[in-house]
Amino acid sequence: MIKQLKAVIVGTVLFAFVATIVVLPGSALTAEAATGTTESSEVIPFDAMTVTVRRLPNTYFAAVTGFLDPETVELPATIEIAVPEGAQLIWFGEPSDDRPIESAPRFENPDMRTVDGFDIYTATLQHEHQAQIEYNLFFNPVAEAGDGSYILHMEYTPLTDLQALRFITNLPPGNQIVIDDDVEFYGLNGEGERQYGRTFWDVGAGRMITTNISYTAPGGMGTPNESRVSDGIIVAAVSTLVGVVAVLGIVLVAKRRRAANEEY
């Protein structure tokens, strides 16, 4: 099992669940354009982030979402968000809790620079206090354990300090989570699949956070099919507000925790 897990981890740059991805044709996601250039030199750090690794029938994709506190940050606001170096994006924009992502504003020409194995994108939020960046995973982030279960490995290194960092993944019907006190249930996604993950508090800038989700599956159904189809990429992009509502609560909870600690 250790050798298999190492093979998964070694196969990545800084995300064990991220590999080379393909570009989604722009015509598939025509949306209100959001500016991708900065309007000021000041970059506003996110208060909380979520990293979603979603399994589709034929592939995996990832979405990283950053949240600003709407009570303290006025728009427009310049933000930065990172993906592995060389990653080609599916979608990058401003998701909303009250409309589908295919109609949400997206960044057409974001600034990008590469630093220490990351492609860091800079953009200006005009409409929402959150930014989401998506990319398709064309390698398998799952290792099979010796007991027949499966291990999905996720990693992320934030650019700045975070009050909270949450990892989320989905389990298709027929898969069962391996009981773990640290794993939380985050409800159902739009396809009725159960979502599980972990939340890490007070994460420092540049600190790599890793987590494993273990599950069981019927024979031959522990990972997606080996074939890759472009249709899965489109489905991923238009259906991924996975966990957005749940993570909005993270910022509020973290603020209450911090306020309570300061009182004592």
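Model, not experiment: these values are computed from the prediction.

Comments concerning the overall build of the protein chain
Stage number 1. For the protein chain, the count of helices and strands is three helices and 16 strands.
Stage number 2. Partitioning the contacts of the protein chain with sequence separation of at least 6, the portion at a separation of at least 24 is 78%.
Stage number 3. Counting every atom, the protein chain has about 11800 Å² of accessible surface; 52% of that belongs to carbon and sulfur.

Quick look at the sheet that holds strand S10 (residues 142-144)
Stage number 1. With antiparallel pairing, four strands are arranged side by side in an open sheet as S10-S11-S16-S13. Each edge of the open sheet is held by one strand with a lone partner, namely S10 and strand S13 (176-177).
Stage number 2. Pairing geometry for strand S11 (residues 150-156) and strand S16 (residues 209-216), over seven bridges, is antiparallel. Across the sheet, the residue bridging to Glu-155 is Thr-210, located in S16.

Remarks on the pattern of salt bridges
Stage number 1. Using the criterion set out here, one finds five salt bridges in the structure.
Stage number 2. Note that Arg-54 and Glu-193 form a salt bridge whose closest N and O atoms lie 3.8 Å from each other. Taken together, the residues span a long stretch of sequence, with Arg-54 in strand S2 (residues 48-55) and Glu-193 in the loop between strand S14 (184-188) and strand S15 (194-203) at a distance of 139 residues. For the pair shown, Arg-54 and Glu-193 are each scored as buried.
Stage number 3. A salt bridge links Arg-113 to Glu-80; the shortest N-O distance between them is 2.8 Å. Remark: Glu-80 occurs in strand S4 (residues 77-84) and Arg-113 occurs in strand S7 (residues 111-115); sequence separation between them is 33 residues.
Stage number 4. Residue classification places Arg-113 among the partly exposed positions, given a relative accessible area of 38%.
Stage number 5. Via salt bridges that share partners, Arg-54, Glu-191 and Glu-193 belong to a single interconnected network.

A closer look at the environment of Trp-91
Stage number 1. Tracing the backbone through its elements, the reader meets Trp-91 in strand S5 (residues 91-93).
Stage number 2. Overall, Trp-91 belongs to the buried group, its relative accessible area being 2%.
Stage number 3. As a C-alpha pair, Trp-91 and Ile-101 span 10 residues in sequence and 9.5 Å in three-dimensional space.

Considering the sheet that holds strand S8 (residues 118-125)
Stage number 1. Read from one edge of the open sheet, three strands run S4-S8-S7, paired in antiparallel fashion. For this open sheet the edge positions go to S4 and S7, each flanked by a neighbour on one side alone. On average, each strand axis in the sheet is tilted by 25 degrees relative to the strand beside it, whichever way the strands run.
Stage number 2. Two elements, S4 and S8, share eight bridges in a ladder whose sense is antiparallel. Bridging from a neighbouring strand, Pro-84 pairs with Phe-118 of S8.

Here's the deal with the packing of aromatic side chains
Stage number 1. In the structure shown here, the tally under the stated rule is five aromatic pairs.
Stage number 2. Between Phe-185 and Tyr-196 the ring centres are 5.4 Å apart and the planes differ by 50 degrees, which places this aromatic pair in the tilted class. Residue Phe-185 is located in strand S14, and its partner Tyr-196 is located in strand S15; the two are separated by 11 residues in the primary sequence.
Stage number 3. A relative accessible area of 48% places Phe-185 in the partly exposed class.
Stage number 4. An aromatic cluster of at least three residues, connected via ring pairs, comprises Phe-92, Phe-107 and Tyr-121.

Quick look at the pairing of strand S3 (residues 60-67)
Stage number 1. Of all eight residues in S3, eight are buried; the element is thus mostly enclosed.
Stage number 2. Burial along S3 is two-sided: Tyr-60, Ala-62, Val-64 and Gly-66 facing one way and Phe-61, Ala-63, Thr-65 and Phe-67 facing the other are all buried.
Stage number 3. Across eight bridges, the pairing between S2 and S3 is antiparallel. Note on S3: the bridge partner recorded for Thr-52 is Ala-63.
Stage number 4. Turn length for the S2-S3 hairpin, with the two strands adjacent in sequence and antiparallel, is four residues.

Here's the deal with the confidence of the model for the protein chain
Stage number 1. For the protein chain, per-residue confidence averages 76 on the pLDDT scale, and 69% of positions sit at 70 or higher.
Stage number 2. Element-level pLDDT for the protein chain is lowest in helix H1 (residues 2-10), with a mean of 38, against a maximum mean of 96 in S7.
Stage number 3. Confidence drops under pLDDT 50 across residues 1-33; counting only partners more than four residues distant or on other chains, this segment forms 100 contacts.
Stage number 4. Predicted confidence for residues 226-243 stays below pLDDT 50, and this span has 43 contacts to residues more than four positions away or in other chains.

Focus: the environment of Ser-214
Stage number 1. Considering the arrangement of structural elements, one finds Ser-214 in strand S16.
Stage number 2. By relative accessible area, Ser-214 is classed as partly exposed at 25%.
Stage number 3. Residues Ser-214 and His-153 lie 61 residues apart in sequence; the distance between their C-alpha atoms is 8.8 Å.
Stage number 4. Filtering out sequence-adjacent residues up to four positions away, Ser-214 remains in contact with Tyr-150, Ile-151, Ile-177 and Val-178.

Thresholds applied
- Residues numbered from 1 in each chain as written.
- Predicted model: local features only at pLDDT ≥ 70, side-chain atom pairs only at ≥ 80, totals over all residues.
- Heavy atoms only, no water.
- Helix = DSSP H or I, 4+ residues; strand = E, 2+ residues; numbered from the N terminus.
- Contact = heavy atoms within 4.5 Å.
- Areas by Shrake-Rupley, 256 points an atom, 1.4 Å probe, with all protein chains shown as cover.
- Pairing = 2+ DSSP bridges.
- Salt bridge = Lys/Arg side-chain N within 4 Å of Asp/Glu carboxyl O.
- Buried < 20%, exposed > 50% of the residue type's maximum accessible area, 1.4 Å probe, protein only.
- Axes fitted to C-alpha atoms, helices over the stretch in contact; angles between N-to-C directions.
- Phe/Tyr/Trp six-rings, centres within 6.5 Å; stacked < 30°, edge-to-face > 60°.
- pLDDT = per-residue confidence, 0-100.

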